[in-house]
There are 2 protein chains.
Amino acid sequence: MATPHRFDPNFTQNVIDAMGPNVTPRNRKVFTSLFKHLHDFTREVELTFEEWTAGMLFLDEVGHMYFTSDKKRHEMHRISDITGLESLVDEIAHKHATESGENPTSSAILGPFWSPDAPFRKNGESIVVDPAPDGLVTLMHGKVVDLKTKKGIPNAIVDIWQASSNGKYDFQDPDNQSPNNLRGKFRTDADGNYHFYCLRPTAYSLPQDGPSWAMLNMLDRHPMRPAHIHLMISADGYKQIVTQLFPSDDQYITNDTVFAVKDDLVVDFVEKKDDPKATRDLTFDITLAPRDQPGDSGPAKL
Amino acid sequence: MATPHRFDPNFTQNVIDAMGPNVTPRNRKVFTSLFKHLHDFTREVELTFEEWTAGMLFLDEVGHMYFTSDKKRHEMHRISDITGLESLVDEIAHKHATESGENPTSSAILGPFWSPDAPFRKNGESIVVDPAPDGLVTLMHGKVVDLKTKKGIPNAIVDIWQASSNGKYDFQDPDNQSPNNLRGKFRTDADGNYHFYCLRPTAYSLPQDGPSWAMLNMLDRHPMRPAHIHLMISADGYKQIVTQLFPSDDQYITNDTVFAVKDDLVVDFVEKKDDPKATRDLTFDITLAPRDQPGDSGPAKL
């Protein structure tokens, strides 16, 4: 597995062997692999002192930004997304959830904008608190169903968050958006149905400042995410799902800068003429797996 | 090279291929290898959402500490040392420096305690500014010589820094140590000789708080470094060397927690009876390679 190289052949094993007898089996496995890959990478590119120093200072800035932004800008999370790491962690979790053969709704990455403070709203209400110029108001509705029985799940929580039509979340846009604009939690009714008003989402750029922007430039990459709606769906006795929905006609659907798009999460926002409150309609049914299944249904247990 | 796995076989290549045409060849090489190893590690251990989250928050804390300590405690550097990364970067640089067949003095890691502010002192002076209980004052002396001509190099700078007999550097111990205690730069005389007073060094523990301590505990590892003296040797027209010297009778010589010991850097502190100022004597000659050689003499160009 290790790459052939011209350096001390015992070095990596020495670092691994320095672990004492009381390391948990899981930590031993994780750190053994981490040390091997960290060292293999370093030898493979023959990392220079200057590059190593630059890398450390880069990570220092990334970590520091989390605290200087009052934990609102989680730059480490964003760097993780740009490298594909969060999508990979999500894929692994989804594989664990589905290897028993079941097929709940696909998961997608959480991203850095979820908030634990989103308010509960009533079915039929809107998450569009502040006016969104050019925003297309959408009636989103669907049913949360049990993977096994196919029956609706009452009292499930559909937690939605999205950026406004200017591509910014409430956190990022305090001059134009109230806290919890475009955020809300809805409970399904007795038949498992939910419905609320939101916006047809808008493609947006990751922030064009800070370490993640520097990294995208170094990689000669665009900063765009396809338009998307974030969802976190939970119900007692079921595995939580964190996911995203993407409009099928978005130009970044095939080149999302955080690699989160999955085919079954691409949806159509249909023109709607019969509702004075909305010009688009989105149907999205959600399938949850009962918790008695082995494995894990998605990336987030928050 | 990649490990066989049961996940999307195209995922990593997609992330690599997202790099645009204007990436420098070196960055393309480094990031291609970084993405492969980061993803291979993640798939190999099937990293969970909780582990990924914990890893990000760990790195956030590590980066933040650098700034909250007024850049005096470089925790990322220390984590790097615990994982063997700095020693590996040093080995690679030394390999580059010696592959032309030359053999300058071995290098060793810089560590987080070098200071750009160390004062110049005169040959024969002492870096022991504050009294060190139990410290064994040592006359350290030697000659800085040219690798090719074997002649002494005049006006070379020998920059030395070390912890006191309580195992702490001036930065870490402001109540007992003045700034620049146990630090100094010395210029070699016309024949290339230097001599000054320092302490026989004392083995010490890495800090027993903060993320690096948490990591050592998770790895069930001791926090000890063997006693050592840090040196950075520079001269016009020569490649700089950063190195460390270790007393041969130290109990941590074979299990340094930052993996920095090399055989030719292990030295004897000899008992001394003819000098009222010192009870130990250390001879250490240093060989510098001229700058016209290809490659690079050591880890630091500061």
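Identification of chain A as Aromatic compound dioxygenase from Tothia fuscella is taken from an unreviewed UniProt entry. Quoted verbatim from the Cofactor (unreviewed entry) field of UniProt, the annotation for chain A is "Fe(3+)". Database annotation for chain A, UniProt heading Sequence similarities (unreviewed entry): "Belongs to the intradiol ring-cleavage dioxygenase family."

Asks: Help me understand the overall build of chain A in this model?
Replies: In terms of regular secondary structure, chain A is built from six helices and 12 strands. Seen along its three principal axes, the alpha-carbon backbone of chain A occupies a region of about 70 × 45 × 35 Å. Within the span of chain A, comprising 302 residues, buried residues form 58% of the whole. Summed over its atoms, the accessible surface of chain A is roughly 12700 Å², and 52% of this surface lies on carbon and sulfur atoms. Across chain A, the centroid of the 32 positively charged side chains sits 5 Å from that of the 44 negatively charged ones.

Asks: What is the right way to read unusual backbone geometry from this model?
Replies: Excluding glycine, most residues fall at negative phi; most peptide bonds, likewise, are trans. All names here are of chain B. Within the chain, Asn180 stands out as a residue other than glycine whose phi angle is a positive 75 degrees. In this structure, Asn180 sits in the loop between strand E2 (157-161) and strand E3 (183-187). Judged by relative accessible area, Asn180 falls into the buried class, the value being 19%. We note that Phe259 has phi near 60 degrees; this positive angle belongs to a residue other than glycine. With respect to the element layout, Phe259 can be found in the loop between strand E8 (241-247) and strand E9 (266-267). When its relative accessible area of 17% is taken as the criterion, Phe259 is described as buried.

Asks: I'm lost on the environment of Lys29 of chain B in this one. Help?
Replies: Here Lys29 of chain B lies in helix H2 (residues 25-44). In contact with Lys29 of chain B, other than residues within four places in its own chain, are Glu44 and Val45 of chain A.

Asks: Could you clarify how one ought to interpret the packing of helix H3 (residues 49-68) of chain A against helix H4 (residues 75-82) of chain A in this entry?
Replies: The packing of two helices is summarised by the inter-axis angle and the distance between the axes. Residue and element names in this part refer to chain A. In contact at an axis separation of 7 Å, H3 and H4 are set at 125 degrees when each is read in the N-to-C sense. With respect to each other, H3 and H4 are oriented oblique. Contacts from Phe58, Leu59, Val62, Gly63 and Met65 in H3 reach Glu75, Met76 and Ile79 in H4. Residue classes in the contact of H3 with H4 are distributed as six nonpolar, one polar and one charged.

Asks: Explanation requested: the sheet that holds E9 of chain B in the structure shown.
Replies: One key point about sheets: their strands pair by backbone hydrogen bonds, in either a parallel or an antiparallel sense. All names here are of chain B. Here we have five strands laid out as an open sheet, ordered E3-E2-E7-E8-E9, and mixed in their pairing. The open sheet has two free edges, formed respectively by E3 and E9, since each of these has just one partner strand. Here five bridges tie E2 to strand E7 (residues 229-234), and the two strands are oriented antiparallel to one another. Pairing of Asp159 across the sheet is with Met232, part of E7.

Asks: Even after reading the chapter, I still don't get helix H3 (residues 49-68) of chain B, so can you show me in this structure?
Replies: Because an α-helix packs 3.6 residues into every turn, residues spaced three or four apart end up facing the same way. For H3 of chain B, built from 20 residues, the straight-helix expectation of 28 Å at 1.5 Å per residue is met to within 8% by its first-to-last C-alpha distance of 28 Å. Taken residue by residue, H3 of chain B has Phe49, Trp52, Met56, Asp60, Val62, Gly63, His64, Met65 and Tyr66 of chain B as its buried positions. Looking at the buried side of H3 of chain B, the elements it contacts are H3, H4 and helix H5 (85-98) of chain A together with helix H4 (75-82) and helix H6 (210-218) of chain B.

Asks: Explain the relation of the copies chain A and chain B here, please?
Replies: Rotating chain A by 180 degrees about the axis while translating it 0.0 Å along that axis superimposes it on chain B, leaving an RMSD of 0.0 Å. The transformation relating the two chain copies, once decomposed into turn and shift, fits a two-fold axis.

Asks: Quick question: what am I supposed to make of the UniProt feature "domain: Intradiol ring-cleavage dioxygenases" (unreviewed entry) in chain A here?
Replies: The feature "domain: Intradiol ring-cleavage dioxygenases" (unreviewed entry), as given by UniProt, occupies residues 110-289 of chain A in the numbering adopted here. Here residues 110-289 of chain A runs as 5% helix and 31% strand, with 19 Å between its end C-alpha atoms.

Asks: Help me understand the packing of aromatic side chains, please; the structure alone is not making it clear to me.
Replies: Geometrically, a pair of aromatic rings is defined through the distance of the ring centres and the angle of the planes. One pass over the structure, following the stated rule, counts 16 aromatic pairs over all chains. Pairing Tyr66 of chain B with Phe67 of chain B gives two aromatic rings, centres 5.3 Å apart and planes at 70 degrees, and the pair type is edge-to-face. What links up through ring pairs into an aromatic cluster is the set Phe113, Tyr169 and Tyr204 of chain A. Directly above the aromatic system of Phe171 of chain A lies the positively charged group of Arg183 of chain A, at a separation of 4.5 Å from the ring centroid. Geometry around Phe269 of chain B places Arg200 of chain B over its ring, the cationic atom sitting 5.6 Å from the centre.

Asks: How do you make sense of the side chain of Thr138 of chain A when you look at a structure like this?
Replies: Residues and elements named next belong to chain A. Within the secondary structure, Thr138 is located in strand E1 (residues 137-146). The class for Thr138 is buried, based on a relative accessible area of 0%. A polar atom in the side chain of Thr138 sits 3.2 Å from the backbone oxygen of Leu136. Not counting chain neighbours up to four residues away, the residues in contact with Thr138 comprise Phe196, Tyr197, Cys198, Leu199, Arg200, Phe269, Ala278, Arg280, Asp281 and Leu282.

Asks: Explain the UniProt feature "domain: Catechol dioxygenase N-terminal" (unreviewed entry) in chain A to me, please; I cannot follow it from the model alone.
Replies: Here the UniProt-annotated "domain: Catechol dioxygenase N-terminal" (unreviewed entry) positions come out as residues 25-100 of chain A. In this annotation, residues 25-100 of chain A is assigned 82% helix and 0% strand; the end-to-end C-alpha distance for the span is 25 Å.

Asks: What is the right way to look at the interface of chain A and chain B in this model?
Replies: Interface size is commonly expressed as the accessible surface area that is lost when the partners come together. With 76 residues of chain A at the contact, the number on the chain B side is 76 residues. Here chain A and chain B share an interface that buries about 7200 Å² over both sides, 68% of which is from carbon and sulfur atoms. At the boundary of chain A with chain B, the tally comes to two salt bridges. Here Glu51 of chain B ties to Arg26 of chain A by a salt bridge, and the two come within 2.7 Å at their closest N and O atoms. Our enumeration of links across chain A and chain B arrives at 30 residue pairs in polar contact (both at pLDDT 80 or more). Counting only elements with at least two residues in the side of chain A that touches chain B, the list comes to helix H1 (11-17), helix H2 (25-44), H3, H4, H5 and helix H6 (210-218) of chain A. Take the side of chain A that touches chain B: its biggest share by element is 16 residues, from H2 of chain A. Of the residues that constitute the side of chain A that touches chain B, the class distribution is 38 nonpolar, 19 polar and 19 charged.

Conventions used here
Residues numbered from 1 in each chain as written. Chains lettered and ligands numbered in written order. Predicted model: local features only at pLDDT ≥ 70, side-chain atom pairs only at ≥ 80, totals over all residues. Heavy atoms only, no water. UniProt positions renumbered as here; feature names shortened; annotations may be inferred. Helix = DSSP H or I, 4+ residues; strand = E, 2+ residues; numbered from the N terminus. Buried < 20%, exposed > 50% of the residue type's maximum accessible area, 1.4 Å probe, protein only. Areas by Shrake-Rupley, 256 points an atom, 1.4 Å probe, with all protein chains shown as cover. Lys, Arg positive; Asp, Glu negative; His and termini not counted. Charge placed at Lys NZ, Arg CZ, Asp CG, Glu CD. Contact = heavy atoms within 4.5 Å. Axes fitted to C-alpha atoms, helices over the stretch in contact; angles between N-to-C directions. Parallel < 35°, antiparallel > 145°, perpendicular 65-115°, else oblique. Nonpolar A, V, L, I, M, F, W, Y, C, P; charged D, E, K, R; others polar. Pairing = 2+ DSSP bridges. Expected span 1.5 Å × (residues − 1). Least-squares fit on C-alpha atoms with pLDDT ≥ 70 in both. Phe/Tyr/Trp six-rings, centres within 6.5 Å; stacked < 30°, edge-to-face > 60°. Lys NZ or Arg CZ within 6 Å of the ring centre and 35° of its normal. Polar contact = N/O pair within 3.5 Å; in protein donor to acceptor, adjacent residues only side chain to side chain. Buried area = accessible area lost by both parts, 1.4 Å probe. Salt bridge = Lys/Arg side-chain N within 4 Å of Asp/Glu carboxyl O.

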